[in-house]
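Given next are the chains, with one letter for each unit.
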Number of protein chains: 2
Amino acid sequence: MRQTKRDELVEKATAIFYRNGFQATGMDRLVTETGISKTSIYKHFKTKDDLIIASLQLRDTFIRGWLFRRMEELAATPLEQLIAMFDALDEWFHQPDFHGCMFAKACSEYQDPEHPINREATDHVARISAQLAIIAGRAGLRQPSELARQLALLKEGAVVLATMGRGGTPALDAKAIAIKLINEATPGK
Amino acid sequence: MRQTKRDELVEKATAIFYRNGFQATGMDRLVTETGISKTSIYKHFKTKDDLIIASLQLRDTFIRGWLFRRMEELAATPLEQLIAMFDALDEWFHQPDFHGCMFAKACSEYQDPEHPINREATDHVARISAQLAIIAGRAGLRQPSELARQLALLKEGAVVLATMGRGGTPALDAKAIAIKLINEATPGK
DNA sequence: TATTAGGTGTACTGATCGGTAAACCATGTC
DNA sequence: GACATGGTTTACCGATCAGTACACCTAATA
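Each value, and the rule that gives it
- Residues numbered from 1 in each chain as written.
- Chains lettered and ligands numbered in written order.
- Predicted model: local features only at pLDDT ≥ 70, side-chain atom pairs only at ≥ 80, totals over all residues.
- Heavy atoms only, no water.
- Phe/Tyr/Trp six-rings, centres within 6.5 Å; stacked < 30°, edge-to-face > 60°.
- Helix = DSSP H or I, 4+ residues; strand = E, 2+ residues; numbered from the N terminus.
- Buried < 20%, exposed > 50% of the residue type's maximum accessible area, 1.4 Å probe, protein only.
- Lys NZ or Arg CZ within 6 Å of the ring centre and 35° of its normal.
- Near = heavy atom within 4 Å.
- Polar contact = N/O pair within 3.5 Å; in protein donor to acceptor, adjacent residues only side chain to side chain.
- Least-squares fit on C-alpha atoms with pLDDT ≥ 70 in both.
- Contact = heavy atoms within 4.5 Å.
- pLDDT = per-residue confidence, 0-100.
- Buried area = accessible area lost by both parts, 1.4 Å probe.
- Salt bridge = Lys/Arg side-chain N within 4 Å of Asp/Glu carboxyl O.

1. What to know about the packing of aromatic side chains
Then, number 1: Using the criterion set out here, one finds ten aromatic pairs over all chains in the structure.
Then, number 2: With a centroid separation of 6.2 Å and 70 degrees between ring planes, the pair formed by F22 of chain B and Y110 of chain B is classed as edge-to-face. A residue pair is termed long-range when its members are at least 10 positions apart, and F22 of chain B in the loop between α1 (4–20) and α2 (27–34) and Y110 of chain B in the loop between α6 (102–109) and α7 (116–138) qualify at 88 residues.
Then, number 3: Accessibility expressed as a relative area gives 1% for F22 of chain B, which makes it buried.
Then, number 4: The buried category is assigned to Y110 of chain B, whose relative accessible area is 11%.
Then, number 5: Three or more aromatic residues joined by ring pairs make a cluster, and in this case those are F17, F22 and Y110 of chain A.
Then, number 6: It is R59 of chain A that lies over the ring of Y18 of chain A; its NZ or CZ is 4.2 Å from the centre.

2. Brief notes about the protein's contact with DNA strand D
Then, number 1: Neighbouring DNA strand D are 17 residues, the closest being T39 and S40 of chain A together with M27, K38 and K48 of chain B.
Then, number 2: Counted by atom, the contact set of DNA strand D within 4 Å of the protein is 56% sugar and phosphate.
Then, number 3: M27 of chain B places a polar main-chain atom, nitrogen or oxygen, 2.7 Å from a phosphate oxygen of DNA strand D.
Then, number 4: In this structure, K38 of chain B approaches DNA strand D through a side-chain N or O atom, which is 2.7 Å from a base oxygen.
Then, number 5: Contributing elements (two or more residues each) for the surface near DNA strand D: α3 (38–44) of chain A together with α2 and α3 (38–44) of chain B.

3. Some thoughts on the relation of the copies chain A and chain B
Then, number 1: Relative to chain B, chain A is turned by 180 degrees and slid 0.0 Å along the rotation axis, the superposed coordinates differing by an RMSD of 0.0 Å. Expressed as an axis order, the relation between the two copies is that of a two-fold axis. No C-alpha of chain A lies nearer the rotation axis than that of G157 of chain A, which sits 1.8 Å from it.
Then, number 2: When the interface residues of chain A are mapped onto chain B, 97% of them again lie at the interface, so the same face is used by both copies.

4. Some remarks on the confidence of the model for chain A
Then, number 1: Across chain A, the average pLDDT comes to 94, with 98% of residues at or above 70.
Then, number 2: Element-level mean pLDDT values for chain A span from 90 in α3 of chain A up to 98 in helix α5 (residues 78–94) of chain A.

5. Side note on the protein's contact with DNA strand C
Then, number 1: If you check the shell around DNA strand C, you find 17 residues, and the closest are M27, K38 and K48 of chain A together with T39 and S40 of chain B.
Then, number 2: Each atom of DNA strand C within 4 Å of the protein was classed as base or backbone; sugar and phosphate made up 57%.
Then, number 3: Between DNA strand C and M27 of chain A, the relevant distance is 2.7 Å, taken from a phosphate oxygen to a main-chain nitrogen or oxygen of the residue.
Then, number 4: The contact in question runs from a base oxygen of DNA strand C to an N or O atom on the side chain of T39 of chain B, over 2.5 Å.
Then, number 5: At the level of elements, α2 (27–34) and α3 of chain A together with α3 of chain B are the ones that each hand at least two residues to the surface near DNA strand C.

6. Topic: the side chain of K48 of chain A
Residue and element names in this part refer to chain A.
Then, number 1: Note that K48 resides in helix α4 (residues 48–74).
Then, number 2: At 2.8 Å, the side chain of K48 and the backbone oxygen of T25 are in polar contact.
Then, number 3: Non-local contacts of K48, meaning those with residues more than four positions away in its chain, are made with F17, F22, Q23, T25, M27 and Y42.

7. So, the interface of chain A and chain B
Then, number 1: Contacts between chain A and chain B engage 39 residues on the former and 38 residues on the latter.
Then, number 2: Summing the contributions of chain A and of chain B, the shared interface buries around 3,300 Å²; its carbon and sulfur component is 63%.
Then, number 3: Three residues stand out in chain A for area buried against chain B, namely Q111, L153 and M164 of chain A, and they jointly supply 22% of the buried area on that side.
Then, number 4: For the pair chain A and chain B, the number of links is six salt bridges.

Have a look at this one:
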């Protein structure tokens, strides 16, 4: 089972889409930048949209894997991990190849909620929220799903400001807010 | 001084760009949907990008005008107005023509920070923050500019979740958080 | 009445869009 | 050796892209 070439394509396409946008990236550009012939691309994916969806799926597993692994590396307890999420975000924002949230961009470019690309993107934030709720529950916090929604809101807001804000430290701003929310959600009050 | 036709163009183009995206909207589509000939369009704007910038400027004044006017209508004191912002956002999210933040989309489609469209969009969030800081100062709150940054973060997060979230009440979630932040920033403690 | 400004429609440019056709080439397996 | 698999190159399709050229219309002004 040699999926090598297909995986290579999706991996490179993901980077190009992320850096360049979806609609702004033509198939000819994908050919030249990946070094993979157009015929091969269309042998693996029937349409450009299918390739975009595969890219979003790869990015989804990558980002979630990275984020929650980094949270575990930075903190020992579930409660501290929730706070550490914003430190991980801060690291992400300062990476040279940071270009905002790929899923927010996907929703921007494909607005129709029925469009499979839009669905794939909105699924991502739902998965993040669900995973945060699990950790909040593991930490013994009150109303974990409500808290998870608030933390997801803070995360998305921080990403937007990191992308659109002139300077500032949105990750740390969000962290300060998150600490207050988490303190209030601890059963000991 | 008859700016009528040009204003009509920008107004209609803004609605189309907002509903449809920038790159996804071709000039020919603008011609058919506005009823204004392509020759006229290019007599007023040298390039499509120039028209987009004019649209963003119109949208900027419209949105800021609407938001802060609505805040004043909903609440009497500056302090209550800051909280009322999230009620105004909630109204916006439930309008049938809500399609997310036009400026976030502009940044998504034109990522280069040097691109004038990107600048125009990031300017918008800076203007919102500045205006919030003024109100926070008027309310006598501590560290008004820091609070304004936090409120802007909450606002942007709420908009993203309203666009990408499956259901939920992001505006009210953000409002609950904002109330806590504002309470902590009141000098009486 | 002559001129000018602002508008229109039509037709066009070269480039690029997503996607396809056909012939070819290496690899490994039966 | 036959043959399928997975890849390549090259050329092409019709449609659409942003933007232009040109001739024409109309209304206000001088």
